[in-house]
Number of protein chains: 2
Amino acid sequence: MKLSGGVEWGLHCCVVLCGAGAPVPAAKLAELHDVSPSYLAKQLQSLSRAGLVRSTQGQSGGYRLTRDAAEITMLDVVEAIDGPQPPFRCTEIRRRGPMAVPPERCTTPCPIARVMDSADRAWRESLRAVTIAELAAEVDTTTPRELLDRARAWLSA
Amino acid sequence: MKLSGGVEWGLHCCVVLCGAGAPVPAAKLAELHDVSPSYLAKQLQSLSRAGLVRSTQGQSGGYRLTRDAAEITMLDVVEAIDGPQPPFRCTEIRRRGPMAVPPERCTTPCPIARVMDSADRAWRESLRAVTIAELAAEVDTTTPRELLDRARAWLSA
DNA sequence: TGCTACTCGGACAAAACGTGTCCGTGTCAA
DNA sequence: TTGACACGGACACGTTTTGTCCGAGTAGCA
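A brief look at the structure comes next. (Residues numbered from 1 in each chain as written. Chains lettered and ligands numbered in written order. Predicted model: local features only at pLDDT ≥ 70, side-chain atom pairs only at ≥ 80, totals over all residues. Heavy atoms only, no water.)

### Some thoughts on the protein's contact with DNA strand D
Part 1: Around DNA strand D, the surrounding shell holds 20 residues, and the nearest of these are Q45(A), Y63(A), S4(B), S36(B) and Y39(B).
Part 2: Near the protein, meaning within 4 Å, the atoms of DNA strand D are sugar or phosphate in a fraction of 65%, with bases accounting for the rest.
Part 3: Between A26(A) and DNA strand D, the recorded distance is 3.3 Å, taken from a backbone N or O atom to a phosphate oxygen.
Part 4: Separating a phosphate oxygen of DNA strand D from a side-chain N or O atom of R49(A) is a distance of 3.4 Å.
Part 5: Going through the elements one at a time, α3 (37-49) and β2 (62-65) of chain A together with α3 (37-49) of chain B are the ones with two or more residues in the surface near DNA strand D. (Near = heavy atom within 4 Å. Polar contact = N/O pair within 3.5 Å; in protein donor to acceptor, adjacent residues only side chain to side chain. Helix = DSSP H or I, 4+ residues; strand = E, 2+ residues; numbered from the N terminus.)

As structure tokens, then:
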């Protein structure tokens, strides 16, 4: 099982956008994180489609959050980029093969799928409990002020 | 994010092995579930390497559980087939790019990675809480006795 | 005790997915 | 009106996952 690498980029971008006052171009975000500009653009498009960020075109354009960072959870970002489908998909193999359970007698859901779904819900709940604003606040308190100011200035330049 | 499809096969096989008294060949497990025998064999090898099942070669050989099903959790099976590595791997992109945080001032772990790890632990904890024996018991109570008996007979034949 | 048949185990291809890149289109500022 | 900049979707590449095959080893049987 592997989560798309773009998830990490998207989360960091949201944290940066949370602290930026003006729209930030994709190219600038890519240079800041030292990642492929084209590929990061794709992830930002996913965030845009999900309605988490909004793009402004033309000169001095870029991306900005559509709503307050306290209203955006990590789960929102993860699902926007990685998709909402759960990692485990029950294929109902008990209904196949020579000893298949007939569909009409197959009333209760597969216990394996039920536990898997429950685990997936727990995972998502953990991510839903943390907002981008909280992440940004933690970054602010753990990073030396000087570095933060320099980064802000670099973004605006 | 997607979990290996073999995980579902492995779990169902463990449940079947829990109820079987004698070793069951991989070919029989494959036919029972109507899946590719060769590919299922690969998954069973993973379970064997992890020490969950033990193979007996030669005539009337096959696979059996190495210990009581109550001592085998779903997490054991999932990790045996899918691997133990967490789905999210922090690449420390904050240490890259023009505004990189110097390594010596980067003392606290990345907050994003911390939340991701916490969510992963919650997921694994959910799976660790359920044993193969519990799954088998649920299957026993929700499946008509007649079907269970027929399946047992078919396995022994 | 040798043989035979049956079993697993690891090495070998094919396909699907994620990753990475490109250029066209729309939009804002001058 | 013009120009340039930034986004958006369509296009290849690489890697992982999926799927398959044949050889090695072992237990039962004559």
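### Observations concerning the pairing of strand β2 (residues 62-65) of chain B
Residue and element names in this part refer to chain B.
Part 1: Pairing analysis gives four bridges linking strand β1 (residues 53-56) to β2, with the strands arranged antiparallel. Looking at the pairing, T56 lines up with G62 of β2.
Part 2: Linkage of β1 to β2, two consecutive antiparallel strands, is achieved through a turn of five residues, within which G58 is found at a positive phi near 80 degrees. (Pairing = 2+ DSSP bridges.)

### Describing the packing of aromatic side chains
Part 1: Under the defined criterion, the tally for this structure stands at two aromatic pairs over all chains.
Part 2: Relative to Y39(B), the ring of W9(B) lies with its centre 5.5 Å away and its plane at 80 degrees, an arrangement referred to as edge-to-face. Taken together, the residues span a long stretch of sequence, with W9(B) in helix α1 (residues 6-19) and Y39(B) in helix α3 at a distance of 30 residues.
Part 3: Positioned above the aromatic ring of W154(A) is the side chain of K28(A), whose terminal nitrogen or guanidinium carbon lies 5.3 Å from the ring centre. (Phe/Tyr/Trp six-rings, centres within 6.5 Å; stacked < 30°, edge-to-face > 60°. Lys NZ or Arg CZ within 6 Å of the ring centre and 35° of its normal.)

### Re the interface of chain B and chain A
Reports of interface size often rely on the accessible area that becomes lost once the parts have come together.
Part 1: Counting from both sides, the interface comprises 53 residues of chain B and, opposite them, 53 residues of chain A.
Part 2: Looking at the side of chain B facing chain A, the largest losses of area belong to M1(B), I93(B) and M99(B), adding up to 16% of the total buried there.
Part 3: At the boundary of chain B and chain A, one finds six salt bridges.
Part 4: For the salt bridge of E138(A) with R114(B), the shortest nitrogen-to-oxygen distance reads 1.9 Å.
Part 5: Where chain B meets chain A, there are 12 residue pairs in polar contact (both at pLDDT 80 or more).
Part 6: Contributing elements (two or more residues each) for the side of chain B that touches chain A: α1, α2 (26-33), α4 (74-82), α5 (111-128), α6 (132-142) and α7 (145-156) of chain B.
Part 7: Tallying contributions element by element places α5(B) first for the side of chain B that touches chain A, with 11 residues.
Part 8: Residues belonging to the side of chain B that touches chain A are distributed by class as follows: 32 nonpolar, seven polar and 14 charged. (Contact = heavy atoms within 4.5 Å. Buried area = accessible area lost by both parts, 1.4 Å probe. Salt bridge = Lys/Arg side-chain N within 4 Å of Asp/Glu carboxyl O. Nonpolar A, V, L, I, M, F, W, Y, C, P; charged D, E, K, R; others polar.)

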